[in-house]
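Architecture at a glance
Residue-level listing of the chains:
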Amino acid sequence: MALWGQSLWVLLSGPRGKRGAIWSWALSSCSSLIGLVSATGLVSHWTEVFKKRGIPEARESSEYIVAHVLGSKTFQSLKPVLWTQPLTPKQLQYIQELCSRRLQRMPVQYILGEWDFRGLSLKMVPPVFIPRPETEELVEWVLEEVAQRSYAVGAQDGPLILDVGCGSGAIALSLLSQLPKSQVIAVDKEEAAISLTHENAQRLQLQDRIRIIPLDVTLEGSWAHLLPWGPVDWMVSNPPYIFHKDMEQLAPEILRYIQPCLMGVLVHKRQEAMKTQWPWMVGRRAWTSLLIS
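Residues numbered from 1 in each chain as written. Predicted model: local features only at pLDDT ≥ 70, side-chain atom pairs only at ≥ 80, totals over all residues. Heavy atoms only, no water.

1. Let's talk about the overall build of the protein
Summing up its helical and strand segments, the protein has 13 helices and seven strands in all. Excluding contacts between residues fewer than 6 apart, the proportion of contacts in the protein whose partners are at least 24 apart in sequence is 67%. Of the roughly 15,000 Å² of accessible surface on the protein, 54% is carried by carbon and sulfur atoms. (Helix = DSSP H or I, 4+ residues; strand = E, 2+ residues; numbered from the N terminus. Contact = heavy atoms within 4.5 Å. Areas by Shrake-Rupley, 256 points an atom, 1.4 Å probe, with all protein chains shown as cover.)

2. With respect to the packing of helix H3 (residues 39–52) against helix H4 (residues 58–69)
Two numbers describe a pair of packed helices, the interaxial angle and the distance between the axes. At a closest axis distance of 8 Å, the pairing of H3 and H4 adopts a crossing angle of 140°. The angle between H3 and H4 falls in the class oblique. Handedness of the crossing formed by H3 with H4: right-handed. Residue-level contacts link Ala 39, Leu 42, Val 43, Ser 44, Trp 46, Thr 47, Phe 50 and Lys 51 of H3 to Ala 58, Arg 59, Ser 61, Ser 62, Glu 63 and Val 66 of H4. Each residue belonging to the contact of H3 with H4 can be placed in one class, and the counts come to seven nonpolar, four polar and three charged. (Axes fitted to C-alpha atoms, helices over the stretch in contact; angles between N-to-C directions. Parallel < 35°, antiparallel > 145°, perpendicular 65-115°, else oblique. Left-handed = near helix turned anticlockwise from the far one by under 90°. Nonpolar A, V, L, I, M, F, W, Y, C, P; charged D, E, K, R; others polar.)

3. Structural notes on the pattern of salt bridges
Two side chains that carry opposite charge are able to pair once their charged atoms sit near each other. In the structure shown here, the tally under the stated rule is six salt bridges. A single network of salt bridges, built from pairs that share partners, joins Lys 73, Glu 114, Asp 116 and Arg 203. (Salt bridge = Lys/Arg side-chain N within 4 Å of Asp/Glu carboxyl O.)

4. Thoughts on the packing of aromatic side chains
Under the criterion given, the structure shown has four aromatic pairs. When the centroid spacing of 6.4 Å and the interplanar angle of 15° are considered together, the rings of Phe 75 and Trp 83 count as stacked. Look at Trp 141 and Trp 234: their rings are 6.4 Å apart centre to centre, the planes differ by 85°, and that puts the pair in the edge-to-face class. Of the two residues, Trp 141 sits in helix H8 (residues 133–148) while Trp 234 sits in strand S6 (residues 232–237), which places them 93 residues apart along the sequence. (Phe/Tyr/Trp six-rings, centres within 6.5 Å; stacked < 30°, edge-to-face > 60°.)

5. So, helix H10 (residues 191–203)
Each turn of an α-helix holds 3.6 residues, which means side chains three or four residues apart point in the same direction. For H10, with 13 residues, the first-to-last C-alpha span of 18 Å sits near the 18 Å given by 1.5 Å per residue. Of all the positions in H10, only Ala 193, Ile 194, Leu 196, Thr 197, Asn 200 and Ala 201 are classed as buried. Mapping the buried residues of H10 onto a view down its axis gives an arc of 165°, with all of them on the same face. Exposed residues lying more than 90 degrees from the buried face of H10 are Glu 191 and Gln 202. The first or second residue beyond H10 is Gln 205, which carries a positive phi of 55°. (Expected span 1.5 Å × (residues − 1). Buried < 20%, exposed > 50% of the residue type's maximum accessible area, 1.4 Å probe, protein only. Arc of directions from axis to C-beta.)

6. Structural notes on the side chain of Ser 174
Examined against the element boundaries, Ser 174 turns out to sit in helix H9 (residues 170–178). Among the polar contacts made by the side chain of Ser 174, one reaches the side chain of Arg 118 at a distance of 3.2 Å. The residues contacting Ser 174, other than those within four sequence positions of it, are Phe 117, Arg 118, Leu 120, Val 139 and Gly 169. (Polar contact = N/O pair within 3.5 Å; in protein donor to acceptor, adjacent residues only side chain to side chain.)

Okay, here's the thing in structure tokens:
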């Protein structure tokens, strides 16, 4: 009974041992506790908590958090024996801490600190944007186009790709991993994004084939900073275009954890910069892949 008693205290206590309103009603009997301290029971419990609090993707959030604490990327990939095996008080407390962040509408990717993108494990930290499913589609489209137009780039060397607004480095690093002879110039105006792309490149051991440059492409003449490394064969971008008038309608996951300066970019400003300045950077055989979402 000592283990169950410790587990009950962990689940019903706040981070400093104070009983919190969020968890105080979680358990009502010893029998429910026995089911709850298993991975399956915890997923069911936190799914209900998230649903009642209006948290999107309640079950998915619960499964990712519990699986993360148990050392797996997904709940489905856990060994079946771990589904019903009681968790330790330390594991229970860690799950509570992570779930409390989700209750504050922190995205799961930031809670876990990493996320898979096309088979690559990338570090994720706010306020850098989290890659969207559409971003994966963009990478797939670029790969298909590069394969079809391979005759247009050097036979011995792979394409030189410019990634505008690199963020976490998801697009650039994914293309590097899939195109072994390619090289990438990745630019972003935010220091947090530049730092995170550097870290992810090191993490994936792709740092030797990527040049990461802090640059605001909306500034007049910004292309001149890249001339020493151009011209490029491909220019790819999936920037966070959001109209100011639409910002109030964004989900709390975005409003609370993404810096407003990263979101408040008018579409036409960057589009015009692309049209008027960047043609001098790209070569005659270059193609542009731009996804606005």
